[in-house]
Structure formats: C-alpha cells, structure tokens
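Residues per chain, in single letters:
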Amino acid sequence: MYLLKMAARNIRKNFRRSLFTILAMGLGFASICIFSGYIHNVYTGLSEQAVHGEGLGHLTLVKKGYFENSSLDAKKYLLTKDELARIGPILSADSGVTLWTPRLAVEGLISNGRNSMIFMGEGIVPEQEDILRAQYRPDRGGMLDPAKPTAIVVSSDLARLLGLKTGANTVVFTTTFDGEANALDADIGSIYNTGIAATNDKTILIPLAFTRRLLDTDGADRLRILLRNIEDTDEARTRLATKLSRIGIPIELRTWKQLSTFYVQVKDLFDMIFIFIFSIVAVIVVMSITNTMSMTVIERTREIGTLRALGMKRRQTVVLFSLEAMVLAAAGCAAGCAVTLAVCGVVSLLGITYVPPNTSDHVPLLVDFVFGWVVVVFFSLLLLAAGAAYIPSAGASRTRIVDALGHV
Amino acid sequence: MNDGFCGRKPLVAIRSVTKEYKLGETTVRALRGVDLEIHEGEFAAIWGPSGSGKTSLLNLIGLIDSPSSGRVVVAGRDTATVSDDALAEMRNRFVGFVFQTFNLISVLTALENVQLPLQIRGVTARKARSAAAELLEQVGLASLAGARPDQMSGGQRQRVAIARALVTSPAIVLADEPTANLDSETGQQIVDLMRELNRNRRVTFVFATHDPKLLDGVRRHICLADGTITEDQSSVREGLTYVPA
C-alpha cells in the first residue's frame, strides 16, 4: 500500500510530464475502444443480417453432401416428407430450439409477359417467416401473406428491371426435379430489399407449397433452425447432431457463420485492422511509458539508493516503478474511457448513416460501448505499462547502492 | 584495536579489508588492510581528513558495499556468503543509516519517512505509524509529523533521518558526516541527540566526521588516514556508553 502511495504522489509531483503520458495513454485507449465498439456494432448488425435478414437462422440442417453435390443431383439431397416427419419431433423437443422451418431452393426465369430474367428463389413457410425474421428491418419489406398462396415477393432491383409492381401478375418458369419444364402464374405480393447488392437483383421469395408445386415434390432441401440464444449455436449444433444421428438419416448441420461467408470475410478483415491498430497503440504506450519512467528513474537514482540502503529488495524497487507506470496507465485508461463514452453518445445522437460495401441500403453509424472489451483493453495496457517500466527500473535496481547514493 | 572488548563477540568485525575503486585508468585504494571491531552499545567516531576512507569503511559496515579483499562479519555472518536479498534484510534489521544529505523521500511526510523501513520489512501501517510517531517524539519533532522534507530545516530533516534510522531498533546506526550540511550549533545538537539515544536506548552509534570539534564526549575515536587506521582509542571523559562485561 505504501508503494502505491509513493507511486501516486510521485506522479502528482511530476504533474506536467505525467499529464502528457496520461493523455497519450488516454487517446490510445479511446482509439482502441472506439474502433472495437464500432466493429462490435458491425458484427452484431452482420450477424442479425445473416440470421434474420437473409433468413439463415442459427443452424441449417441438410442431407449430408448437400452443399457440395446438390447442384448436380438436387433430388438425391432432398429431405423427403417421411424424413421431415422423423426429424421434426426431435427438433421440436429440444429446449434450445424456438423454430425450425423447411426451405426449398428454386431457380428459373421470371417474366413480366414481355421480358424474362433469371431468379434465385426460396420456398418458405409464410407463417414461420415472421418468427425467423424477428422483425429485423421491417422497412425492407418482403413478408409473404399466408392468405395469398400464389403471391410472391420480389427483390427491389429485380422488380425494377422487369417493371414489376405490387399486385402485378407474373409467370415463374422452372424445371422439376425430374427435369420437366413447369410454369405457374403468380402475383407480386410485395417488393423488398435483400440488403445485399449481389442478391437484390435476382431474389424472390415464394410460399413453400407453391414452390413444391413448381418443383413437383413434397420435400424440402434445408431446414432452418432458430435458437433461443445465438451464443449457444455451436453447442446446439453438437447436441442436435448427436440426437439426430440416432434416427439413421445422413444429415449435417451448419452454423450461420459457416454459411455467411460475407460475415466471416468482414470479421477477418476488421479483426486484422484491430490487431494493427492495437499494435500501434501498444507501441505508443510502451514508448511513452518507457520514456517517462526512464526519466523518472534517472531523477530518482539517489532515492533508489536510499530505499535499497533502508532494506528494500531489488524486486521491490522494480515493483515501485511498475506500480507508478500502472497508476499512470490506469489514469490514462480512465480518461480514455470517458472519451469513448462521449464519442459513443455523440455518434449516436448525430444519426449518421452510410452504405457499407456489398449492401444495398443505408445503415446507421453507431459505436457500441463494449464493457468486456474495455476491461480487456484496460488490463492489457496496464500490463504493457508495467512491462515498459520494468526495463529502466530493473536496470536502476541493479546499480550499486553506493553509486546510486552518490548520483547527482 | 580496542582491547576493552576482548572475549565478547563483536557486532561488526572487519578483517584485513581493502577497498579499491577504478577511476578511469587509475586505481584508488580507499582502504588498505583495515581491522576493526564494533561492539554492542558503543558510541564511536571514525574521523580523518577527506579521502581518508571514512565513507568506504562505513559503507562496508552498513552492507551497502563489498570489500575488494578481506572479510566483513556483521551479527556473526560473513557478508561475502550472503545473497543480495538477505543483505537487504540484514540492512533493514541490523543497520540504520543517517546520511550527510539526509536522503529523506521528498513525497513522504516526516512520519511516513520514519515509517518507511518498517513498511519495507512488511510491518502493518498501523504498527509502523505508532512506532514512527514515538520516535519522532523522542527526537522532538512530533509537531512536524505531517510536514514534508522541503518544509523542514536541515537540523529537523536530520532528526527525522535519525528517527528513521532508529525505528527498526537496529543493532547499529551508521551516520556518515551527519553534521556536514548543518551549522555548527545544529551539528552539535545532532551529535548530542545521537549520544543521548545511545545512552537511553543502548543503540550502537558509529559516525564519520572530519570535524575534531564533534569528538568531544565521544568515547571511541577511530582515526583513519590514507585508508588505514592510525589510531583507535577510548576515552572516559564523559558519558560512559559502554560497560564492559
């Protein structure tokens, strides 16, 4: 405790020098926390976009080999009505599962009577879509009406290209799993924004029953599974795979992260940038503390000699200066924390929006205050500061006592 | 050698000690084969001109330096065989230092400075504070317990330093030119204080000085010249500070 008191008083004694070090630390701390708060917000948005916006759910159940081979033999990888009847109760009985819903992919042409364009469609159960979407970005639209079995939802760029408006009639062409051409009339129930530029000019959503008629099947190629908590995804995947292995159907489960390559790519990129920024800040912190502590140690060499003569051990003198560096770092982090909170609040109040890469509409610029990260950064900088103080103080502690006492 | 202590185990025994320093290309021989014993309860002065080796000898006794050759035995332990940590503990337990330039910690108050050696040892703050307050009272500075070193006069600072040296109840207190930075009157007061504490607390005091005026009333004079002891004599003029067994 007395070491801490000495450390704090010495910092106060050298107020101006301490202030500059604290400011450097504070800015470094704030820059890390603000950037990590921003990417946390981006990760959260991207995960919601993937799970609810794209409708990936938390887990996707398919026949084993579906992702690799279904484009060559889609029928082989269909989950039949009988298989769905055996899988469904297991999913429903699991306490972590809030929803499971069948899906059926369909591709073909959509026509306005004069022009046709390629579409990538998704057969979905309208009644369950509300739950899966979890009210994610209702402004984007795209909900099927359970009361209208032939109404489809068309992505906004595709609708614009074909001049389709809500309520218009259209024709959907495709081939069944047995290779026969099939076409059905449909109505434009609504137009929506997928949120992703790459899919907003080719996506349509179709009621599952309508899709089954188009493809002439009563099965589904995927089951989307929604969990109570996104954090439980990996655990639930293992648990459900174990339960489902007992019914003898060769299935596999993939998480939303495995299916959302965009999320993974963005996260990898931001993580790399974060490491880069953290490294720069770490270097600044280490240099700043080393510089401050080196000057302090030189100025207090005689004091070190006195303390050693009074019986202080070498490691205690190192602890004294490390504590001083840690107090400086703590003060810097506290200042940085205040700056971070202020920036979070101001950015939120300003209501700034921007269009991120690969998305089709504006998203708000927000910076989250991530308490866990703040704590991690706080202790990381504290340790860095202690390490930076170690070098000059360990050197000083090795000075012969008589030399230290005679230091001018 | 002082014969009055024959048969008793000395607190400090210096045997054939030399101390050499390198000053660039030159080797300075500060001590040249010194033999000395300090016994419990003594009040001794090491005196001699500047450069005679007084500080070097005190540094060896105080375990803050090691000899170039010879042995230094403190409290029965040959210091050459003791680790750095153990030496630090011995300094804390057996030795008290009073420096010429006071060497008080500038950010601590008088009371906190006196507490410091006990806190280095690991004594609780409350016990250390109580012991320090008592010592400050004995050196007549109870009213300045909360003052910082820069708020005190030289004499007051040296009194605080003496209190700090005594707070661990050391076997020996070493004072290197304790009056050099004080006026003669204050210097004499400091020596008187040390003698009084030697008498009342039976603490062994060894101080170095180049001022013969301060030797009045000091029982043992160890005279150094050119790194050798030229004279080591006891006087009984006043203040018997040591009663032979």
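Residues numbered from 1 in each chain as written. Chains lettered and ligands numbered in written order. Predicted model: local features only at pLDDT ≥ 70, side-chain atom pairs only at ≥ 80, totals over all residues.

The next thing to look at is the environment of A:L3. Residues and elements named next belong to chain A. Note that L3 resides in helix α1 (residues 2-13). Here the alpha-carbon distance between L3 and T21, two residues 18 residues apart in the chain, equals 20 Å. For L3, the contacting residues outside a window of four places in its chain are V319, L320 and L323. (Helix = DSSP H or I, 4+ residues; strand = E, 2+ residues; numbered from the N terminus. Contact = placed C-beta atoms within 7 Å.)

Residue and element names in this part refer to chain A. In terms of domains, chain A is made up of domain 1 (2-50 + 263-405) and domain 2 (55-259). Listed per partner, the contact involves 10 residues of domain 1 and 12 residues of domain 2. Of all elements in the fold, only α2 (15-53) and α10 (261-299) reach the threshold of two or more residues within the side of domain 1 that touches domain 2. Take the side of domain 1 that touches domain 2: its biggest share by element is 4 residues, from α2. Here the residues of the side of domain 1 that touches domain 2 sort into 3 nonpolar, 5 polar and 2 charged. (Domains from an automatic or database assignment. Nonpolar A, V, L, I, M, F, W, Y, C, P; charged D, E, K, R; others polar.)

The next point concerns unusual backbone geometry. Residues and elements named next belong to chain B. In the Ramachandran plot, N103 falls in the positive-phi region, its phi being about 55° despite a non-glycine side chain. Note on N103: 22 C-beta atoms within 10 Å, which makes it buried. Positioned with a positive phi, R202 is a non-glycine residue whose angle comes to about 55°. Relative to the helices and strands, R202 is located in the loop between α6 (184-201) and β8 (204-209). The class of R202 is exposed, set by 12 C-beta atoms lying within 10 Å. (Buried ≥ 20, exposed ≤ 12 C-beta atoms within 10 Å, placed from the backbone.)

The subject of this paragraph is the confidence of the model for chain A. In the predicted model, chain A carries a mean pLDDT of 90, and the fraction of residues at 70 or more is 97%. Model confidence for chain A, summarised as mean pLDDT per element, is weakest for helix α5 (residues 126-133) of chain A at 83 and strongest for strand β1 (residues 59-63) of chain A at 96. (pLDDT = per-residue confidence, 0-100.)

So, on to the nonpolar core. The biggest cluster of nonpolar side chains holds 125 residues, and the ones touching the most others in it are A:A325, A:L381, A:A385 and B:I46. The dominant element in this core, judged by the number of residues it contributes, is helix α12 (residues 314-350) of chain A, at 12 residues. Once residues within four sequence positions are removed from consideration, A:L381 is found in contact with A:M25, A:F29, A:V285, A:A329 and A:C333. The next biggest cluster of nonpolar side chains, apart from the first, holds 45 residues, and it includes A:F119, A:V154, A:I206 and A:L215. (Core = buried A, V, L, I, M, F, W, Y, C linked by C-beta atoms within 7 Å.)

Residue and element names in this part refer to chain B. Two strands pair when backbone bridges link them, and strand β1 (residues 12-23) and strand β4 (residues 69-74) are joined in this way by 5 bridges, in the antiparallel orientation. Directly across from I14, in β4, lies its bridge partner V72. Pairing of β1 with strand β2 (residues 26-38), which is carried by 10 bridges, proceeds in the antiparallel orientation. Within β2, the residue paired with E20 across the bridge is R29. A loop of 2 residues connects β1 with β2, the two strands running antiparallel in sequence, and G24 in this loop sits at a positive phi of about 65°. (Pairing = 2+ DSSP bridges.)

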